[in-house]
Amino acid sequence: MIKRLVVFILCLVIFGCARVQTLNLAQHNYSQRPNHIIWFQVAGFSEEQIPLLRFNVADASYRTNLEKIDCLGKMWSFNLYELRPLANRSFLSQISGSKNIKGQCEDFETRSVWDFMSGLGYAISLLENGANEEVSLQKSLDCKSNKFLNFEKLRFYRMGPEISLQSTWNDKKIKPFHYQDSANVVTETLSPGLYYDKSCRNKICYSSLSSNFKTLWSESIKQQQKTFFLVQDFTFLNGIKKKDLTYAKGALLELDRTLAWLAAQNRNDILVIITGAESINIEYPKEGKEWAEYERSGKNIIFKNSSLMSPVLASGAMAENFCGLFDESEMLKRIIYQPEQKKFNWDVLNPFSN
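Residues numbered from 1 in each chain as written. Predicted model: local features only at pLDDT ≥ 70, side-chain atom pairs only at ≥ 80, totals over all residues. Heavy atoms only, no water.

Chemist: Is there a simple way to think about the environment of Asp269 in this case?
Modeler: Among the secondary structure elements, Asp269 is positioned in the loop between α8 (245–264) and β12 (270–277). Residue Asp269 is classed as buried on the basis of its relative accessible area of 12%. Considered as a pair, Asp269 and Met318 are 49 residues apart in the sequence and their alpha carbons are 9.4 Å apart. For Asp269, the side chain forms a polar contact with the side chain of Arg267, separated by 3.0 Å. (Helix = DSSP H or I, 4+ residues; strand = E, 2+ residues; numbered from the N terminus. Buried < 20%, exposed > 50% of the residue type's maximum accessible area, 1.4 Å probe, protein only. Polar contact = N/O pair within 3.5 Å; in protein donor to acceptor, adjacent residues only side chain to side chain.)

Structure, rendered in structure tokens:
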């Protein structure tokens, strides 16, 4: 009886001294390695653009899914040669951990994030949306020293205009995909290789980013215990550069819709990251009539130069790694970081400790 009483008291001490861990006022388990990592690299994106989605909704308490993140960080956007590099070069710096980015073939000589993640047992997928020949990662296939795209491990899905390849790679190796394909066909697209979205014609893709992502990711996690899925999206920046606010808002809405779907999966083994590059500053109208005209027709809004900083938004397992201010080349080490095993702190049993 005495032994049971001692055990009972000991349990009360342990659980009574334990603290509920939180991040951004929500319960959070620290140092938990995610089984599934989903990373959205969005060209032109800045947290300043979230009002494009929020303030045209009548409900004043409405919050976008971009706001429902656990952690917000900021990255310095520069490399050894440029302040304010182009989005595709910032993306390269983020996924390679290198500041030595020139826009040349030697950029692809370094190891990429998926190379490291593959070594940790993750199945790797890359979905590219709205990238032309100048910015697509596919151009690395024409580089003799390419170490970026290894199709023995990588599944590379492209949404955009077809890009002709040089003699270093055979166009016949490129396979089509569509999110409405039968389950058997979709399963075949989970094999490593290069795939084109069949719905893309004359620079227009009739499949949405969210539809493609949902199908590919859902099938991927059925087949693999650990997955790393990178989405590179240039459509928002394309809309901003054309001063087509409706198109740009549609691109952000696609991202927000995808985040809502992921949140509805209600899984605690997922890390979701959103990073910007070549982030465009926006000056909104003050209020009243000018704001009404902006909501109606997109007038009275000014697009400025790209920022010296880009945002990092993270939710889920290991999201705490992406709080703070750091160089964009540090993204790689924050993703591959392996937390130490948790150690029990015996101080909680000491009634005389502070």
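Chemist: Can you help me understand the packing of helix α6 (residues 209–223) against α8 in this one?
Modeler: To describe two helices that pack against each other, one gives the angle between their axes and the distance between the axes. Contact pair α6 / α8: the axes reach a minimum separation of 9 Å and the direction vectors enclose 30°. The angle between α6 and α8 places the two elements in the roughly parallel class. Taken as a pair, α6 and α8 cross one another with a handedness that is right-handed. Residues Leu209, Ser210, Phe213, Lys214, Trp217 and Ser218 of α6 lie in contact with α8, whose contacting residues are Glu254, Arg257, Thr258, Trp261 and Leu262. Taken together, the residues of the contact of α6 with α8 sort by class into five nonpolar, three polar and three charged. (Axes fitted to C-alpha atoms, helices over the stretch in contact; angles between N-to-C directions. Parallel < 35°, antiparallel > 145°, perpendicular 65-115°, else oblique. Left-handed = near helix turned anticlockwise from the far one by under 90°. Contact = heavy atoms within 4.5 Å. Nonpolar A, V, L, I, M, F, W, Y, C, P; charged D, E, K, R; others polar.)

Chemist: How should the state of the cysteines be read in this particular structure?
Modeler: Applying the stated rule across the entire model yields three disulfides. Put simply, Cys71 and Cys323 are joined by a disulfide, and their sulfur atoms are 1.9 Å apart. With Cys71 in strand β4 (residues 71–76) and Cys323 in the loop between β15 (309–316) and β16 (324–327), the pair connects residues that are 252 residues apart, well separated along the chain. Residue Cys71 is classed as buried on the basis of its relative accessible area, which comes to 1%. (Disulfide = S-S within 2.5 Å.)

Chemist: Explanation requested: the nonpolar core in the structure shown.
Modeler: Across soluble globular proteins, nonpolar side chains have a tendency to be buried as a group. By size, the foremost hydrophobic cluster in this structure holds 49 residues, and its most contacted members are Phe40, Leu52, Phe213 and Ile274. With seven residues, α8 is the largest single contributor of residues to this core. In contact with Phe213, other than residues within four places in its own chain, are Ile38, Phe40, Leu127, Ser218, Phe229, Val231, Thr258, Trp261 and Leu262. (Core = buried A, V, L, I, M, F, W, Y, C linked by side-chain atoms within 4.5 Å.)

Chemist: Can you help me understand the pattern of salt bridges in this one?
Modeler: Across all of its chains, the model carries 14 salt bridges by this definition. Where Arg89 meets Glu82, a salt bridge forms, and the shortest distance between an N and an O atom there is 3.2 Å. One connected set of salt bridges, linked through shared partners, spans Arg111, Asp115 and Lys153. (Salt bridge = Lys/Arg side-chain N within 4 Å of Asp/Glu carboxyl O.)

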